[in-house]
Structure formats: C-alpha cells, structure tokens
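Observations on the model geometry
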Amino acid sequence: MALNVTDLRVYYRTLRGEVKALDGVTFSVADGEIMGLAGESGSGKSTLAKSLIRLDGRMRHAGGTVELDGREMPLSDDRGMDRFRFREVSLIPQYSMSALNPTRKIGKMVGELLESRGERPDRAELERRLELVGLSGDVLDRYPIELSGGMKQRVVMVVSTLLNPSLLIADEVTSALDVSSQKAVATTLLGFRDRGLVTSMMVVTHDIALVYQIADTIMVMYAGRLAEKAPADVLVTAPRHPYTAQLISALPEVGVRHEDRRLTGIPGSPPSLLKPPEGCRFRDRCPLAFDRCAEQPPFAEVAPGHFVACWKAE
Amino acid sequence: MLKLDGVSKTYRVGAFGGGELKAVSDVGFEVGEGEVVSLIGESGSGKSTLGRMILRLASVSSGTITLDGRDISSIRDRKEYYRQVQGVFQDPFSCYNPVFRADRVFTMIKEQYFPRAGADEWRTRVETALESVRLDPGNVLGKYPHQLSGGQLQRMLIARAVLLDIRLLVADEIISMLDASTRIDVLNLLADLRARGLGILFVTHDLSLGNYVSDRTVVLRHGKVVEMGRTDLVFGAPAHPYTRSLLASVPRLHAKWTDAAPEDMVEDAPCAYHEAPQESRTRPGLAEIDSDHYVACAGKEKA
C-alpha cells in the first residue's frame, strides 16, 4: 500500500472558531493507482491535498495518521516533512503559472532546487524528461515570462516529478487550461505513471468527466467527509451515494440538448463547516434521507473496492 | 435583432504601439429574438472581445454591429442601449461590493433607470425578477455577498439584467466559476429566459455547455469564424478539422479519449469549404454546406 490515511482531521483556525474542512477521512491509495479526487468548492479536497504536503499557518492537524510506504508522515512537523517532500510526495500546484521564479532562468531555478535537496542537477536527464512532456531543452535557458501558460504548466510537472516521488498530487492542474491543452496535460500525467516516474497519483479536480479519462479510481468528497470511492467506471455508471448520482446526472454532455432532456441541479447548498450538523452532511439535500441519517453512516465497503458512506447503499 | 457584419478588432501592442494585434477579424453572425447563440473558442480566440464590443465596452475597429438595423455606435444615449442589452460576466464575487448588501445592485438600477418608481411598486418588480431567476426573495434580499453562494449571486446579476426588460443578454462564461451542482440550474434559467423571447449570446469555452443550451453555435479560432450554424449540425456533423479536434478533446463521462476511432483524428480530410460549390460561398470566407451550416477553409491559416 502506497498511501494509508486514517481518520485524518485538519481544521482551519478562524476568528469565529475552527472550520472542520477535513473531518475524519480514511482511505488508501495502492501502488500504481491513479485516484481522482472530486468534489465541489468547500468539500475539503484541496485541504486534503495540501495536508499531505504542507500545512499552512491557518491549518491545524487535529488528529489521524498518514502513512506513506509504511512510514508515518509527521504532518504537523514542518521540518520533519522535509524528508518526504519532493522525494516521497510531491505536488503540482493549482497555479503552476505562478510557481516559477520570474527572476531566474528555468534551468538555473531547477538547479538551485535540486542542490537544496542535496542532489546534483543532471542536464541530460532534465532534457530527456522535458522531451517526455513535449518541450525542448531550450526552455532551460529561458525565463518563465517567455513561456505560454501550458508550457509553464508542463515545466512545473517535470520539476515536481524529478526525484521520482512515490506519490504525486496534482491539484486542479487542468482547470485553467483550454480543452486541447487539458487533454495534453492529462495524458502526460498518465504517462508519468506508465513510465514509472511516479508510483501513484492523486488527481484533485472538480471535473469528473476529465478525471474519468485517466483515473483508475475516483473518490468523491462532500463537506469535509468522504462520500464514495469506487473504480472509475463503476463510479460513473453505477454510483451508490445519492450525492454522486445527482452530481453525475447534473453534468451536461456533448450530445445532450436542453429540449431533449432537462437536467436538474442539486437544490440547497453544503452546510457550514464551522458548526457542521450531526449525522450525514448531505441529509438536508438528499432525496432519500430518512431517520437513520441523523447518525453518521460509516464509509463502508459495499463491493470490492467500492466504499460508500450512506445507509441506503447497503 | 442583433447583427454583426464584418466585425474586426485591432489592438495596438508593443512598446510604442507600433505593432498590431488582430483579435477579431471579419466576424458576422446574428442573434434573433428568443434564440441562444453560443460563441465557442479557446483562450485568445476573441470570444470575450466580441462580447465586449456588443456591450460597447470596447470599440469596433471595422465592420458594424446593428440592433434592429441601427448601428449601436450611433446610439448616443448609452442608457437607452443598456436598457435593451446587458451583460453578465464570469466572476460573480467581484461584481459586488463586499461592504454593501448584495441587493444594492437592484437599488442602483432603480436610481439610474427608474428614479420615479414607487417603493412598493419597485419591491414587487424586484421580487418578480428574482422569482423569474428562481430565487426566493426572502432568502437573498438584505444579505451580504459573502452570505450567498456563487450561483445565487450569479442569478441575482441575471435578475438585475431582467429588471430592465432587456432583449439581449451577453453571458460571458457565466457558469465556469460555479459548482457542478448549481451550474445546470443557471443553464436551465437561460433556457427559460429564451422561452420568454430574450436573445442570448452565450460565450463559453466549454463545448458541452454550449451544446446543451444553444440553438446556433459559432466556433471561433484566432479571431476568425471556423464553423457556425445550427447547433445540431455543428456538433453532429462538424466539417472543419478544428471543430472535430475540439470535440474529440472534450472529456466525456461514458467514453474515454482512447476509445475514439483514430480515423477521427486524421487531419488531411478534404477541405469542406473548397469542396462546396462556388455559389454556396454566401458569406466572406465561409461556405454554406447545409442549410444554416457554414464552414471556413480548413487550409493552414496564417498565424
């Protein structure tokens, strides 16, 4: 097992109290697995991704453990995490465009980065990897401003995977791109796994249709908790959690016209995580809700590899 | 109703404004009453520039935009124009001043356009407008922007436009910042407004959204129209290789990219524009290959 997360809780400190952005999540990602992590804004998906790399000043590790390849990661110990960052777990940030130092040429910046980790920069290897994402070695002698958004995104992808991390987290990497570059970036991610540059991957996105293209499994989050995790095909064709089912039926697809089939959204909005309600958090918006939903359903395995947190899914 | 004819936009670029950048060149299409036209293109295709020109937020370099036959740049009184044409943009959060209550956008409309409306009469009008965008007035009036969701804020902006009895709405990427579960409600709302006779120009980069709601589609690339016409024809039988490659890149839920037949990707298919007979070239640079389905030449365009 590459990644084992057990009952992880991460809260944000605010003036009005703690926001329980991640409230007890338990899951694992196998070696070689690409897991899509989907959810709406405020579902906690980005918090989960960030927690595995670095807690910022407002975030507090309130409980739970994260094990990567059998070693526990000290989430709240910023220094201790340095042993893992970049080597064991690496991140492609959401705004890759602004992740590059504007005053350094790409090559120099990458060199300094590697030296800080005690590694010798190897230009030939760097060029080979740039080639994998369709860039020529010339970009190393250029400044970030000379590259287009898609090119910068790909440079950052190469930098993030230089030390062959065990787990790569891609946080909304395709959201700011056009359809055709989206496809290129997504297939590059797939290539990283297939070439063994990274062992497993978490692809955080709000776009289920996109992540379905490359992921082996998809996990859906709602209001700081896990709703469902299943193999990608199963999740898309036979979701068991009412939230997943409604979310998927709300997606317009090419070929679906308003006149033929009127899609409907999910009424209501997610609960505030400052004082989250007891029990199932989707209860207020759920068409299937009944008395028992006042009690939090477990994230139970209903079929091999298919986990659902819903009383009605058994 | 709205007609664009040979519209171009040139920006001056470079240190001394010596360079020229043609953001939009020679675009012509119409938006009729009760019709949704989607304008699809990737970043830099000029789709937002077109929207801004229609809203008179940017000047037209050449060509004309007419509303009911009147050149919009000759309408002196901007208020008169904005009574009929309004825009809603991508980011609903930045359209509100966080210091004031969100319903201030309605008050501002009242002050500018209907100063003589009575308080009671105005409240009824606001409530009707809110109900027409399927918001419960009690839920949103008197609230601050941070207390409302993106979908609610976006729908309030549409309600604000509806207060003016507009005839054309320019919706520029209005749902790309919304969550999947509320997105579709705003789309359905556009369809409801269309049923009331409103013309809508729906600017988007998302093909599946454009396909869901629109009657006609215009596909832009580098400021030029590559294909346009009835949505079912443009999406069902795309004739330009660019449209085909865009459609092939759209992630779908029940078909993987890898399942697509490789034949679809072949780019050296014969050019539909040049295959079409001479007399079908009814618009500049476009050939009508089916009724209301126009395509541009697929040859290598000059960058």
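Residues numbered from 1 in each chain as written. Chains lettered and ligands numbered in written order. Predicted model: local features only at pLDDT ≥ 70, side-chain atom pairs only at ≥ 80, totals over all residues.

**Side note on the overall build of chain B**
Of the regular secondary structure elements, chain B holds 11 helices and 12 strands. Radius of gyration (C-alpha) of chain B: 21 Å, near the 19 Å computed for a compact globule of 303 residues. Here the C-alpha coordinates of chain B stretch approximately 65 × 50 × 45 Å along the principal axes. For chain B, buried positions account for 45% of its 303 residues. Contacts in chain B between residues far apart in sequence, at least 24 positions, make up 66% of those at least 6 positions apart. (Helix = DSSP H or I, 4+ residues; strand = E, 2+ residues; numbered from the N terminus. Rg over C-alpha atoms; globule rule 2.2 N^0.38 Å. Buried ≥ 20, exposed ≤ 12 C-beta atoms within 10 Å, placed from the backbone. Contact = placed C-beta atoms within 7 Å.)

**Remarks on the overall build of chain A**
Within chain A, the regular secondary structure consists of nine helices and 12 strands. Taking 2.2 N^0.38 as the reference for a compact globule, 314 residues should give roughly 20 Å; the C-alpha atoms of chain A span a radius of gyration of 20 Å, in line with that estimate. Dimensions along the principal axes, computed over C-alpha positions, put chain A at roughly 65 × 50 × 40 Å. Expressed as a percentage of its 314 residues, the buried residues of chain A come to 45%.

**Digging into the domain arrangement of chain A**
All names here are of chain A. Each assigned domain of chain A is listed here: domain 1 (1–88 + 166–254 + 261–273 + 297–314) and domain 2 (99–164). Look at where the C-alpha atoms of domain 1 and domain 2 centre, and you get two points 27 Å apart. Taken together, the contacts link 13 residues of domain 1 with 12 residues of domain 2. Here the element with the most residues in the side of domain 1 that touches domain 2 is helix H6 (residues 179–194); it accounts for five residues. The residue inventory of the side of domain 1 that touches domain 2, partitioned by class, reads nine nonpolar, three polar and one charged. (Domains from an automatic or database assignment. Nonpolar A, V, L, I, M, F, W, Y, C, P; charged D, E, K, R; others polar.)

**Looking at the interface of chain B and chain A**
With 32 residues of chain B at the interface, the matching set in chain A holds 30 residues. Here the element with the most residues in the side of chain B that touches chain A is helix H7 (residues 180–195) of chain B; it accounts for nine residues. When the residues that make up the side of chain B that touches chain A are grouped by side-chain class, the tally is 15 nonpolar, 11 polar and six charged.

**With respect to the environment of valine 179 of chain A**
Mapped onto the elements of the fold, valine 179 of chain A is located in helix H6. What makes valine 179 of chain A buried here is the crowd of 21 C-beta atoms within 10 Å. Along the sequence, valine 179 of chain A and leucine 210 of chain A sit 31 residues apart, while their C-alpha atoms lie 9.9 Å from each other. Apart from residues no more than four positions distant in its own chain, valine 179 of chain A is found in contact with Glu42, His205, Leu207, Leu246, Ser249 and Val250 of chain B.

**Notes on the sheet that holds strand S11 (residues 286–290) of chain B**
Whether parallel or antiparallel, the strands of a sheet pair through hydrogen bonds between backbone atoms. Residues and elements named next belong to chain B. Ordered by their spatial adjacency, eight strands build an open sheet running S6-S7-S8-S3-S9-S10-S12-S11, and the pairing between neighbours is mixed. Single-partner strands in this sheet number two, and they are strand S6 (85–88) and S11. Averaged over all pairs of adjacent strands, the angle between their axes in this sheet comes to 20 degrees, without regard to strand direction. As paired elements, S6 and strand S7 (residues 168–172) share four bridges and run parallel to each other. Of the residues in S7, the one forming a bridge with valine 88 is alanine 171. Contacting strand S3 (36–40), S6, S7, strand S8 (199–204) and strand S9 (216–221), helix H1 (residues 47–54) crosses the sheet at an angle of about 150 degrees to S8. (Pairing = 2+ DSSP bridges. Axes fitted to C-alpha atoms, helices over the stretch in contact; angles between N-to-C directions.)

**Let's talk about the UniProt feature "domain: ABC transporter" (unreviewed entry) in chain A**
In this numbering, the UniProt entry assigns the feature "domain: ABC transporter" (unreviewed entry) to residues 3–248 of chain A. With 33% helix and 28% strand, the stretch residues 3–248 of chain A has end C-alpha atoms that lie 27 Å from each other. (UniProt positions renumbered as here; feature names shortened; annotations may be inferred.)

**So, the environment of valine 139 of chain A**
Residues and elements named next belong to chain A. In this fold, valine 139 is placed in the loop between helix H4 (123–132) and helix H5 (149–160). Overall, the presence of 22 C-beta atoms within 10 Å leaves valine 139 in the buried class. Separated by 34 residues in sequence, valine 139 and valine 173 have C-alpha atoms that sit 20 Å apart. Other than its neighbours up to four places away in sequence, valine 139 contacts Ile106, Leu130, Leu147, Met151 and Val155.

**Quick notes on the UniProt feature "domain: ABC transporter" (unreviewed entry) in chain B**
In the UniProt entry, the feature "domain: ABC transporter" (unreviewed entry) is given for residues 2–247 of chain B. Along residues 2–247 of chain B the backbone is 37% helical and 27% strand, and the end-to-end C-alpha distance reaches 28 Å.

**Remarks on the nonpolar core**
Residues and elements named next belong to chain B. By size, the foremost hydrophobic cluster in this structure holds 87 residues, and its most contacted members are Ala171, Leu190, Leu201 and Phe202. Among the elements that line this core, the one with the most residues is helix H6 (residues 150–162), at seven residues. Beyond its immediate chain neighbours, meaning those up to four positions away, alanine 171 contacts Val88, Leu190, Ile200, Leu201, Phe202 and Val203. (Core = buried A, V, L, I, M, F, W, Y, C linked by C-beta atoms within 7 Å.)

**Let's talk about the environment of tyrosine 81 of chain B**
All names here are of chain B. Here tyrosine 81 is to be found in helix H2 (residues 78–84). For tyrosine 81, a count of 17 C-beta atoms within 10 Å corresponds to the partly exposed category. Sequence separation between tyrosine 81 and leucine 67 is 14 residues; the distance between their C-alpha atoms is 9.2 Å. In contact with tyrosine 81, other than residues within four places in its own chain, are Arg56, Ile72 and Ile75.

**So, the sheet that holds strand S4 (residues 62–67) of chain B**
Residues and elements named next belong to chain B. Spatially, the four strands line up as an open sheet ordered S2-S1-S4-S5, and their pairing is antiparallel. Taken across any chain shown, the strands that pair with only one partner, and hence form the sheet edges, are strand S2 (19–31) and strand S5 (70–71). Pairing geometry for strand S1 (residues 2–13) and S4, over five bridges, is antiparallel. Within S4, the position partnered with leucine 2 by the bridge is leucine 67.

**Some words on the pairing of strand S9 (residues 217–222) of chain A**
Residues and elements named next belong to chain A. Burial runs high along S9: six of the six residues are buried. Residues Thr217, Met219 and Met221 of S9 are buried on one face, and the alternating residues Ile218, Val220 and Tyr222, pointing to the opposite face, are buried as well. For strand S3 (residues 34–38) and S9, the ladder comprises four bridges, and the chain directions are parallel. Residue methionine 35 lies in a different strand from S9, and its bridge partner there is threonine 217. Pairing of S9 with strand S10 (residues 225–231) involves six bridges; the strand directions are antiparallel. For isoleucine 218, the partnering residue across the bridge sits in S10 and is alanine 230.

**A word on H4 of chain A**
All names here are of chain A. Residues Leu126, Arg129 and Leu130 constitute the buried set of H4. Looking straight down H4, one finds its buried side chains confined to an arc of 105 degrees; they lie on one side. Set apart from the buried face of H4 by more than 90 degrees, the exposed residues are Ala124, Glu125, Arg128 and Glu131. Residues of H4 that are buried in the fold lie against helix H3 (106–116) and H5. (Arc of directions from axis to C-beta.)

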